[in-house]
Amino acid sequence: MKATVEEYLDLSVVDITKKEQVELRYNEAIEAELVQVARNGYPYEIAGFLLGKKSEDADLVSEVYPVENVAKEQERKFEIHGLDYLKVEAYALENKLDVIGIYHSHPDYPAIPSKHDLEFAQSVFAYAIVSVDGNGDTLINSWKKSNKKFIQQSILIRS
Amino acid sequence: MATIIIPTPLRKFTDNKAKIITSGKSVGESITQLGELHPDLSKHLFKQCGTLQSFLKIYVGDRDIKSLKNEETPVKDEDVISIIPAIAGGKI
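Below you will find a few notes about this structure. (Residues numbered from 1 in each chain as written. Chains lettered and ligands numbered in written order. Predicted model: local features only at pLDDT ≥ 70, side-chain atom pairs only at ≥ 80, totals over all residues. Heavy atoms only, no water.)

## Points about the layout of surface pockets
- The computed volume of the largest pocket comes to approximately 490 Å³.
- As for the largest pocket, its lining consists of 20 residues, of which A121, Q122 and K145 of chain A together with H44 and F55 of chain B are closest to the centre.
- Within the residue set of the lining of the largest pocket, elements represented by two or more residues are α3 (115-120) and β7 (138-146) of chain A.
- Here the residues of the lining of the largest pocket sort into 11 nonpolar, five polar and four charged.
- Volume-wise, the second largest pocket comes out at about 290 Å³.
- Together, 14 residues line the second largest pocket, and K54 and D98 of chain A together with T8, R11 and N16 of chain B are the ones closest to its centre. (1 Å grid on protein atoms, 1.4 Å probe; cavity = no way out; pocket = protein on both sides within 12 Å on 5 of 7 lines; lining within 4 Å. Points joined across faces, edges and corners; volume = space filled by probe spheres on them. Helix = DSSP H or I, 4+ residues; strand = E, 2+ residues; numbered from the N terminus. Nonpolar A, V, L, I, M, F, W, Y, C, P; charged D, E, K, R; others polar.)

## A word on the sheet that holds strand β4 (residues 63-64) of chain B
- Ordered in space as β2-β1-β5-β3-β4 (chain B), the five strands form an open sheet in which the pairing is mixed. Each edge of the sheet is formed by a strand with only one pairing partner; in this case those strands are β2 (19-22) and β4 of chain B.
- Of the strand pairs in this sheet, strand β1 (residues 2-5) of chain B and β2 of chain B are connected by four bridges, and their pairing is antiparallel. Bridge pairing links A2 of chain B to T22 of chain B in β2 of chain B.
- Together, β1, β2, β3 (56-60) and β5 (80-85) of chain B form the strand contacts of helix α2 (residues 82-94) of chain A, whose direction differs from that of β5 of chain B by roughly 110 degrees.
- Across the sheet, helix α1 (residues 27-37) of chain B lies against β1, β2, β3 and β5 of chain B, angled at about 115 degrees from β2 of chain B, the strand it touches most. (Pairing = 2+ DSSP bridges. Contact = heavy atoms within 4.5 Å. Axes fitted to C-alpha atoms, helices over the stretch in contact; angles between N-to-C directions.)

Pasting the structure below:
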């Protein structure tokens, strides 16, 4: 790993001058689940969906929907199969939930988005990135795409 | 005729409608009609040359149309067409 987080920060990917106005909110159980799946998947990237309800000022996550990472190089990439995407959209519709966003892990890499993340990002989704290392230490940051770059989204964890 | 499921990222172009019924007899006709019904959606579905955007996949039921007859895949009333954006990323 590089010495500081700043060395990973690509200003063509992240706009550090802006902050997303809509907050990402979830409870401690959701946080624990995100941490656990990232640790269990280490040293490979894991991925899934965040489901819940969107409001004017917050993305309220009530459920984590893990899916298989089908990328060929899972130590540095994730890809979600079309059928899994289809299933999560159907599940959300049936249960009157919104697909709020996508989470994935960055093993031995900070919780900041890469060019590869930006390439596939949809502005409507929140992108929660779980940084995880070999000691099981984790950090979660969330991002949204706005004007062709990611901006950071505040996370509020409720008890 | 078929029902098209609109994925979350594209619902802002369909007045937030998740399901739209079209009268096309094939996937291509159905998707083209969807673009005509929602012109703002059209540019997100098709390239300027008229072919489908490469980051989108189309399924009929649980099958990718690439394993069927692509856009010429026939559809019946009970068929469900899903538009699926590529979901990928990673640290490098």
